[in-house]
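Reading the structure
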Amino acid sequence: MPELPEVETVRAGLRPVLEGRRLREVIVRRGDLRFPLPSSFAGRLLGRRVDTIDRHGKYLLIRLSGDLIWLAHLGMSGRFRLATAEPDLWTHDHLVFVTEDGGRVVFHDPRRFGFMDLLATADLERHPRLADLGPDPLGPAFGPVFLSRRLERCGQPIKAALLDQRIVAGMGNIYASESLFRIGVSPFRPAEALARRGSRRLVAAIRSVFAEAIAAGGSSMRDHVPVSGELGTFQHRFAVYHRAGQRCPGCSCDIAVTGGIRRVVLGGRATYFCVHRQR
Ligand SMILES: [Zn+2]
């Protein structure tokens, strides 16, 4: 499933092809993704210029001329592929977007959990998918003051709180585990305990984990067109995630005795941590 760093990689890949260009042609080969496309989807996009492509959590916000936003979510298996000539279309290539200068972007989604919508810029904060979403972890609204206020009255273990999309938009299971490892906090610690003194360190850890993952995701895709849903190389740098029984990078203890990194299920999600470093 594409996580926030992969979505950011997609954004970076789409920008040079779409930004500043008008859409000349939109081909809908299949209109029922996770939800049906909004009515007149192709017609409403035609002739509009892509001004900027933003991201909020795992949502792409493609801002168009005429104060329209084209919202895209990759779901489980959605990916965008770039093509410079008439594309060879494959099974599951549901949408094709052609720019005025001949750029082609193909949306491919075998499982069709991805979706798209169109909304007026003024309605952005009221959109049902976005209204309750917390700030993007790399954006200006996500900071220690905000996080501390949210953790104070949350009543959950910190790991579960971090996965609450109302607190951090686009936070995924991998990045929650890795962030807590970096600050030596147990996933079971009550969120309230971090509200006062821990939120600054936690914000910094979350930002650095995402920034490093984005950099790693980008580097593996440098020489080919962006295809979402692929992990970059950050998986080789996980400290704890998916490393049960292995030595944690911060401990020199004997894993034959300690059992190494522990895997537990917390709030229904696999959670990885070091019992020595994370208290
Ligand atoms: Zn350790």
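Details of the structure are given in the entry above.
Just so you know, the residues in each chain are numbered from 1, in the order the chain's sequence is written. Whole-chain, interface and lining totals are the exception, using all residues; otherwise, since this is a predicted model, local features are given only for residues with pLDDT of at least 70 and side-chain atom pairs are given and counted only at 80 or more. Hydrogen atoms and water are omitted, and side-chain values are computed over all heavy atoms in the structure.

**Things to note about the overall build of the protein chain**
Quick note on the threshold: To qualify as a helix, a DSSP run of H or I must reach at least 4 residues; to qualify as a strand, a run of E must reach at least 2; elements of each kind are numbered from the N terminus. A radius of gyration in this sense is built from C-alpha atoms; the matching globule rule multiplies 2.2 Å by the number of residues raised to 0.38. Throughout, exposure labels follow a simple rule: accessible area from a 1.4 Å probe, protein chains only, divided by the maximum for the residue type, with under 20% read as buried, over 50% as exposed, and the rest as partly exposed. Computed with the Shrake-Rupley method and a 1.4 Å probe, the accessible areas treat only the protein chains shown as cover for residues. We treat Lys and Arg as the positive residues and Asp and Glu as the negative residues; His and chain ends play no part in the count. Taken as the charge centre is NZ of Lys, CZ of Arg, CG of Asp or CD of Glu, depending on the residue.
Per the secondary structure count, the protein chain includes eight helices and 10 strands. In terms of C-alpha radius of gyration, the protein chain reaches 20 Å, essentially the compact-globule figure of 19 Å for 279 residues. C-alpha extents for the protein chain along the principal axes are approximately 60 × 35 × 30 Å. Split into buried and exposed, the 279 residues of the protein chain put 54% on the buried side. Carbon and sulfur atoms form 49% of the exposed surface of the protein chain, whose accessible area is close to 12,800 Å². Taking the average place of the 42 positive charges on the side chains of the protein chain and the average place of its 28 negative ones, the gap between the two points comes to 7 Å.

**A look at the coordination of the zinc ion**
Spelled out, the test is: A donor here means an N, O or S atom no more than 2.8 Å from the metal, or no more than 3.2 Å when the metal is Na, K or Ca. Since water is not included, a site may seem to lack partners.
Bound to the zinc ion on the protein side are Cys248 (SG), Cys251 (SG) and Cys274 (SG), at distances that span 2.1 Å. In primary-sequence terms, the residues that donate to the zinc ion follow C-x2-C-x22-C. Residue Cys248 is classed as buried on the basis of its relative accessible area of 4%.

**A closer look at the nonpolar core**
Test applied: Residues enter a nonpolar core if they are buried and are Ala, Val, Leu, Ile, Met, Phe, Trp, Tyr or Cys, with the set joined through side-chain atoms within 4.5 Å. By the convention used here, residues are in contact when the closest approach between their heavy atoms is within 4.5 Å.
Formed by 43 residues in total, the largest nonpolar core has its most connected members in Leu151, Ile158, Leu162, Met171, Tyr175 and Leu202. The set of elements that each furnish at least two residues to this core consists of α3 (144-152), α4 (158-162), α5 (173-182), α6 (191-195), α7 (199-219) and β10 (269-273). Looking at this core element by element, the count peaks at nine residues for α7. Aside from chain neighbours lying at most four places away, what touches Tyr175 is Glu3, Pro5, Glu6, Val209, Phe210, Ala213 and Phe234. If you look at the next biggest cluster of nonpolar residues, it comprises 29 residues, including Leu33, Leu37, Ala72 and Leu95.

**As for the sheet that holds strand β6 (residues 93-99)**
Going by this rule: For two strands to be treated as a pair, DSSP must find at least two bridges joining them. A fitted line through C-alpha atoms represents every axis, and for helices the fit uses only the stretch in contact; the resulting angles, taken between N-to-C directions, go from 0 to 180 degrees.
Overall, antiparallel pairing links the four strands, which are arranged β1-β6-β7-β5 in an open sheet. Each edge of the open sheet carries a strand with a single partner, namely β1 (23-28) and β5 (79-83). Within the sheet, the average angular offset between the axes of one strand and its neighbour, ignoring direction, is 20°. Here β1 runs beside β6; their pairing, made up of five bridges, is antiparallel. Across the sheet, the residue bridging to Glu25 is Val98, located in β6. In the packing of helix α1 (residues 4-18) onto the sheet, contacts are made with β1, β5, β6 and β7 (104-108), and the angle to β5 comes to roughly 35°.

**Focus: α5**
Counting buried residues in α5 gives nine out of 10 residues, a clear majority hidden from the surface. Turning to α5, its buried residues are Asn173, Ile174, Tyr175, Ala176, Ser177, Glu178, Ser179, Leu180 and Phe181. After α5 finishes, the residue Gly184 shows a positive phi value of roughly 65°.

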